[in-house]
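Listed below, chain by chain, are the residues.
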Amino acid sequence: MAKRGKWNSTLGFVLAAAGSAVGLGNIWRFPYVTGKNGGAVFLFFYILAVVFLGLVVMYAELSLGRATQRNPVGAFERIKPGSPWKAVGFLGVFTGVGILSYYSVIAGWTLYYFYISSLGKFSQGLTEAQIDEVFSVFVSNPFLTVLLLVVFIFLTCFIVSRGVSSGIERWTGILMPLLFLILLILSVYSLTLPGAGEGLKFYLKPDFSKVSLKMILSAVGQAFFSLSLGMGAMITYGSYLSKKDNLFASGIEVVAFDTLVAFLAGIIIFPTVFTYGLSPRAGAALVFKTLPFTFSKLPLGRLFGPLFFFLLAIAALTSTISLVEVATSYLVDERKFSRPRAAFLVGAVAVLLGIPSALSTSSSVFSKFAFGKSFLDLMDYIWANISLPLGALLLSVFVGYIWGAEKAALEIRPEKHRKFPGEDLWIYDLKYFVPIVLSAILLFSLLGSS
Ligand code: TRP
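Enquirer: Please clarify how the nonpolar core should be interpreted in this entry.
Expert: For soluble globular proteins, the rule of thumb is that nonpolar side chains tend to be buried together. One finds Trp 7, Leu 64, Tyr 113, Phe 308, Val 399 and Trp 426 to be the most contacted residues of the largest nonpolar core, which totals 164 residues. In contact with Val 399, other than residues within four places in its own chain, are Ala 60, Leu 64, Gly 404, Ala 405, Ala 408 and Leu 430.

Printed below as a string of structure tokens:
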């Protein structure tokens, strides 16, 4: 078998894994879901979910990957040969392609917005209505949305085809620090706006009378999606780690970085939303419809507009890389494909599945496809709301009971004969708390009420 890829350094791994985690989920989805769910209360439960569920499952995935040095399918097979458990790995492979297909449609939008904002489109003092129109004219252009989908997936496959250290690690190592820098600049800027006080109050001062079960479950779902958990991305990235790398520290770093970026996205968005009297509850269009309006008002909007959308595109790219990588690693490890062939095959399937999603905003067939949802929304529901929690649930049962949480814990320990901080809590959490909460989420999603 050809030699498997490896990260050159632990930092390279942390940046790549953080790159997978940080994406549209943090910068586009997190602020709008937070806005819709009342701001600070949501943030509060989100952080609880990250610490008590996300971090726990993160360690489960990373330890399984590193212990087996395999893609998700191979990892289950290695621990429990000949058992049906490898189906969980396959579920992950398909889920990756499924998420990739519609995620790249939105990622394509960010390319367009980067393009028009660098042309100065949003510095011409457009009204809110005109900006809405820019959005609707763009998304109803089937040619453009499909083209951008193809471009985005092609870029991703190109990087993945270059391999683990000279493709993924090299690129994420440049892109992630750049992204963080841009975010910091924008946050500082946004804190100087006149509406900063009101924005921060909405974002940081919880009103616990607004708590509901649905809101808590959506905080948990957001945490899993944001941390790239539930489909084996972290199993795969963990599998390129060597035994010398410190899993315990890396896991915390990745989770902390992802959470920090989501937090900063909120710091950027809420003060601007309140400064210009927009609604924090604008929903999925929050970034695309309200921020350009904001940029058109800002003195430096001509600069910050393109910067912001560039950042969003980068963040999305380092995430789609991990979505392609899961299926690619399966084809390379288990089916003996060459890496470029595997990556581009995965991309081609995702493009085909993605086209109806790209047409969801222009064609009447796909805009109300089934169950009153557009094709894109339906994809999101199936892959993110059902398949991911199911994958994470099965994975936690597998690591907790079949492989054994105690064995996994050994893999996480920085020193083999000493427990890592919180080890007993981690084992308990993985075996009992995680499966219960994930079952609840799944039940909610299947009943269609989440
Ligand atoms: N975490 C990414 C984001 O927040 C999206 C993503 C990449 C993802 N890989 C994943 C989500 C694997 C779930 C599973 O945008």
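Enquirer: Which parts of the structure should I look at to understand the pattern of salt bridges?
Expert: Pairing of side chains with opposite charge becomes possible as their charged atoms draw close. Taken as a whole and assessed by the stated rule, the structure comprises 8 salt bridges. Residues Lys 419 and Asp 424 are paired through a salt bridge, measuring 3.0 Å at the closest nitrogen-oxygen approach. Owing to a relative accessible area of 48%, Lys 419 belongs among the partly exposed residues under this scheme. Shared partners join several salt bridges into a network, and the residues in it are Arg 66, Lys 243 and Glu 411.

Enquirer: Is there a simple way to think about the site of the ligand in this case?
Expert: Around the ligand sit 15 residues in total, of which Ala 21, Gly 25, Tyr 103, Phe 225 and Ser 228 are the nearest. Ala 21 places a main-chain nitrogen or oxygen 2.9 Å from an oxygen atom of the ligand. Between the ligand and Ser 226 there is a distance of 3.1 Å, counted from a nitrogen atom to a backbone nitrogen or oxygen. Isolated, the ligand exposes 360 Å² of accessible area, and the fraction of that covered by the protein chains is 100%. Residue assignment for the shell around the ligand shows that the elements contributing at least two residues are helix H1 (10-21), helix H2 (24-36), helix H10 (213-226) and helix H14 (301-335).

Rules and cut-offs
- Residues numbered from 1 in each chain as written.
- Predicted model: local features only at pLDDT ≥ 70, side-chain atom pairs only at ≥ 80, totals over all residues.
- Heavy atoms only, no water.
- Core = buried A, V, L, I, M, F, W, Y, C linked by side-chain atoms within 4.5 Å.
- Buried < 20%, exposed > 50% of the residue type's maximum accessible area, 1.4 Å probe, protein only.
- Contact = heavy atoms within 4.5 Å.
- Salt bridge = Lys/Arg side-chain N within 4 Å of Asp/Glu carboxyl O.
- Near = heavy atom within 4 Å.
- Polar contact = N/O pair within 3.5 Å; in protein donor to acceptor, adjacent residues only side chain to side chain.
- Areas by Shrake-Rupley, 256 points an atom, 1.4 Å probe, with all protein chains shown as cover.
- Helix = DSSP H or I, 4+ residues; strand = E, 2+ residues; numbered from the N terminus.

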